[in-house]
Amino acid sequence: MQLKGNWNYPTAIRFGAGRASELPAMCAELGIKHPLLVTDSGLAKLPLIGRLLDYLQSAGLSAAVFSDLRPNPVGRDVDAGVAAYKEGGHDGVIAVGGGSALDVGKAIALMVGQDRPLWDFEDVGDNWTRVNVAGVAPTIAVPTTAGTGSEVGRASLIIDENGHRKVIIFHPAMLPKLVLADPELTCGLPRHLTAATGIDAFVHNLEAFCSPFYHPIAQGVALEGMRLVHDWLEAACDNGNNVEARSHMLTASIMGATAFQKGLGGVHALAHPIGAHFDTHHGLANAILLPYVLVKNRPAIAERITAAARYIGLADASFNGFLSWILQLRAKLGIAHTLTEIGISISQAEMIGIAAKQDPSDGGNPLPLSADDYAAIFRAACEGKLHG
Ligand SMILES: [Zn+2]
């Protein structure tokens, strides 16, 4: 094995319940006086955003809100945000929300200082070197879900609406300068979204843990991230106001996204094109796909999964024990067992298989999978056939 890797853990995170009131001080730290608060339209209507605006206003900061973005954001959403930023004469971005709002906020902060179109910064080859770094606006990320971990990531997933493709826009300077991780802000998340985003966090840790690349730091982070989800996701779903459970889940989400620089895998390779074509919730797609991909990968991951099962404390610390725990957890959380149940048609299997093979997450899968393999997993996940 070649002991070589690029390791990045640079985010400054202010973690803890009640720390939302520190938002104005964080703006001051970054020299932001007139922020654009980027969030989604659902959140914009909730008292949470009003509270953050009140904190800013009391400190003499005038902020405007941009919330015109889709749950699976497209290029136009970023363009509209860039226009709002420029028209309002803003000097920084506060991105508040789940993955969509955080991704759009980070992309707006990138694009306010560039002359090229967004797609020129797709994470391919050395495209990222085209970025005018001096033009990137400072960003504070404020997660309100515990799942994507976009607050500690250096990329945004934006759909190219012409090609129906989820495109990774990447630059190291897209990493938010500061993260405000206040678990109380996640307490309002409804049960079904707590469940879906929580499983997304779990899958980030799991796929990172199973990816073949050399990154022992990520390996340790991923293992503990899985344990936190095992211990706390049900509690967070059963009582949304359990701040201790919310705290551990927010941490697990941050851990998943720091770990997955080691790589993701087949679950995400399939979930990305499924999201781009069917507008499926990302966490939900992952939650449904997970057992089918695990079974396919079994020959390559059985030993690692057994180690993980031991660490998180399963009574049956075997591959089968791990698999049945996941199936039970999914059922308890009310997550569907098949893609068909959420309205996805098996007739698209071939197209999804080809797109999954082209997805960057494919490179981290522990087994080499072909487009046909992906199509077969997709069909199995539509039909609910877990064992061939
Ligand atoms: Zn994910």
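Every chain's residues receive numbers from 1 upward, in the order its sequence appears when written. Local features in this predicted model are restricted to residues whose pLDDT is 70 or higher, and side-chain atom pairs enter the listing and the counts only when it is 80 or higher, whereas totals over whole chains, interfaces and linings include all residues. Hydrogens and waters are ignored; side-chain quantities use all the structure's heavy atoms.

Draft legend 1. Main features of the overall build of the chain. Only DSSP runs of H or I reaching four residues or more are called helices, and only runs of E reaching two or more are called strands; each is numbered from the N terminus. Each helix and strand in the chain was counted, giving 13 helices and eight strands. In this setup the radius of gyration rests on C-alpha atoms only. A globule is expected at 2.2 Å times the number of residues raised to 0.38. For the chain, the C-alpha radius of gyration of 20 Å lies close to 21 Å, the compact-globule estimate for 388 residues. Across its three principal axes, the chain shows a C-alpha extent of roughly 60 × 45 × 45 Å. Exposure classes here rest on a 1.4 Å probe applied to the protein chains alone. A residue is buried below 20% of its type maximum, exposed above 50%, and partly exposed in between. Evaluated residue by residue, the chain yields a buried proportion of 55% over its 388 residues. When the 29 basic and 37 acidic side-chain charges of the chain are each reduced to a single mean position, those positions are 3 Å apart. Charge convention: Lys and Arg are scored as positive, Asp and Glu as negative, and His as well as the terminal groups of each chain are ignored. Lysine's charge is taken at NZ, arginine's at CZ, aspartate's at CG and glutamate's at CD.

Draft legend 2. View of helix α6 (residues 191-210). The length a helix should cover is 1.5 Å for every residue beyond the first. Look at α6: 28 Å from first C-alpha to last across 20 residues, which is about the 28 Å you get at 1.5 Å a residue. Within α6, 17 of the 20 residues are buried, leaving the element largely enclosed by the surrounding structure.

Draft legend 3. The coordination of the zinc ion, seen in detail. Surrounding the zinc ion are the protein donor atoms D200 (OD), H204 (NE2), H268 (NE2) and H282 (NE2), at 2.1 to 2.2 Å. In this analysis a donor is any N, O or S atom within 2.8 Å of a metal ion (3.2 Å for sodium, potassium and calcium), and since water is not included, sites may seem incomplete. Angle rules define the geometry names used: all angles between 85 and 135 degrees makes four donors tetrahedral, while opposite donors over 155 degrees apart and all other angles between 65 and 115 make four donors square planar and six octahedral, leaving every other case irregular. Geometry at the zinc ion is irregular, judged from its four donor atoms and the angles of 87 to 170° they form at the metal. Mapping the donors of the zinc ion onto the primary sequence yields the spacing D-x3-H-x63-H-x13-H. In this pair, D200 sits in helix α6 while H268 sits in helix α9 (residues 266-278), placing the two residues 68 residues apart along the sequence. We note that D200, like H268, is buried.

Draft legend 4. Examining the packing of aromatic side chains more closely. To pair, rings of Phe, Tyr and Trp, with the six-membered ring standing in for Trp, must have centres within 6.5 Å; the planes then decide the type, stacked if under 30 degrees apart, edge-to-face if over 60, and tilted in the middle. On inspection of all chains with the given rule, the structure shows four aromatic pairs. Taken together, the aromatic side chains of F202, F322 and W325 make up a single cluster linked through ring pairs.

Draft legend 5. Representation of helix α13 (residues 371-383). Here α13 spans 18 Å end to end across 13 residues, near enough to the 18 Å set by a 1.5 Å rise per residue. Within α13 the residues assigned to the buried category are Y374, A375, I377, F378, A380, A381 and C382. Residues of α13 that are buried sit in contact with α9, α10 (282-312) and α12 (349-358). One or two steps after α13, the chain reaches G384, where phi turns positive at roughly 75°. In what follows, a contact means two residues having at least one pair of non-hydrogen atoms within 4.5 Å.

Draft legend 6. Representation of the pattern of salt bridges. Salt bridge, as applied in this entry: a Lys or Arg side-chain nitrogen positioned within 4 Å of an Asp or Glu carboxyl oxygen. Here the structure, examined in full by the defined rule, presents 13 salt bridges. In this structure, D77 and R70 form a salt bridge, with 2.2 Å as the shortest nitrogen-oxygen distance. Between R227 and D231 there is a salt bridge; the shortest N-O distance is 2.7 Å. Of this pair, R227 and D231 both sit in helix α7 (residues 216-238), four residues apart, roughly one helical turn. R227 gets classed as partly exposed once you look at its relative accessible area, which sits at 25%. Ionic contacts of the salt-bridge type, sharing partners, join the residues E224, R227 and D231 into one network.

Draft legend 7. Structural detail: the packing of α6 against helix α8 (residues 243-259). What counts as an axis is a line fitted to C-alpha atoms, over the stretch in contact for a helix, and the angles between N-to-C directions run from 0 to 180 degrees. Where α6 contacts α8, the two axes come as close as 8 Å, and the packing angle between them is 40°. Regarding the angle of α6 to α8, the classification is oblique. Crossing angle aside, the handedness with which α6 passes α8 is left-handed. Along its contact with α6, which presents T194, G198, A201, H204, N205 and A208, the element α8 presents R246, M249, A252, S253, M255, G256 and A259. Here the contact of α6 with α8 is composed, by residue class, of six nonpolar, six polar and one charged. Any angle between 65 and 115 degrees counts as roughly perpendicular, while under 35 counts as roughly parallel, over 145 as roughly antiparallel, and the rest as oblique. What makes a crossing left-handed is the near helix being turned counterclockwise from the far one by less than a right angle; a clockwise turn instead makes it right-handed. Throughout, the ten residues Ala, Val, Leu, Ile, Met, Phe, Trp, Tyr, Cys and Pro are labelled nonpolar, Asp, Glu, Lys and Arg are labelled charged, and all others, Gly among them, are labelled polar.

Draft legend 8. View of the side chain of S253. Tracing the sequence through the fold places S253 in helix α8. Overall, the relative accessible area of 0% leaves S253 in the buried class. Among all residues touching S253, those that are not within four sequence positions of it are A146, G147, T148, G149, E151 and A201.

Draft legend 9. Just the pairing of strand β8 (residues 178-181), in detail. Because side chains alternate across β8, one face comprises the buried residues L178 and L180, and the other comprises V179 and A181, equally buried. Strand pairing requires that DSSP identify at least two bridges connecting the strands. Taken together, the two bridges between strand β5 (residues 139-143) and β8 define a ladder with parallel strand orientation. Bridging from a neighbouring strand, A141 pairs with V179 of β8.

Draft legend 10. Local environment of unusual backbone geometry. Although it is not a glycine, D279 sits at a positive phi angle of roughly 55°. Locating D279 in the fold gives a position in the loop between α9 and α10.

Draft legend 11. Highlighting the side chain of H204. Along the polypeptide, H204 turns up in helix α6. Leave out the neighbours within four places in its chain, and H204 touches G147, T148, G256, F260, L264, H268 and H282.

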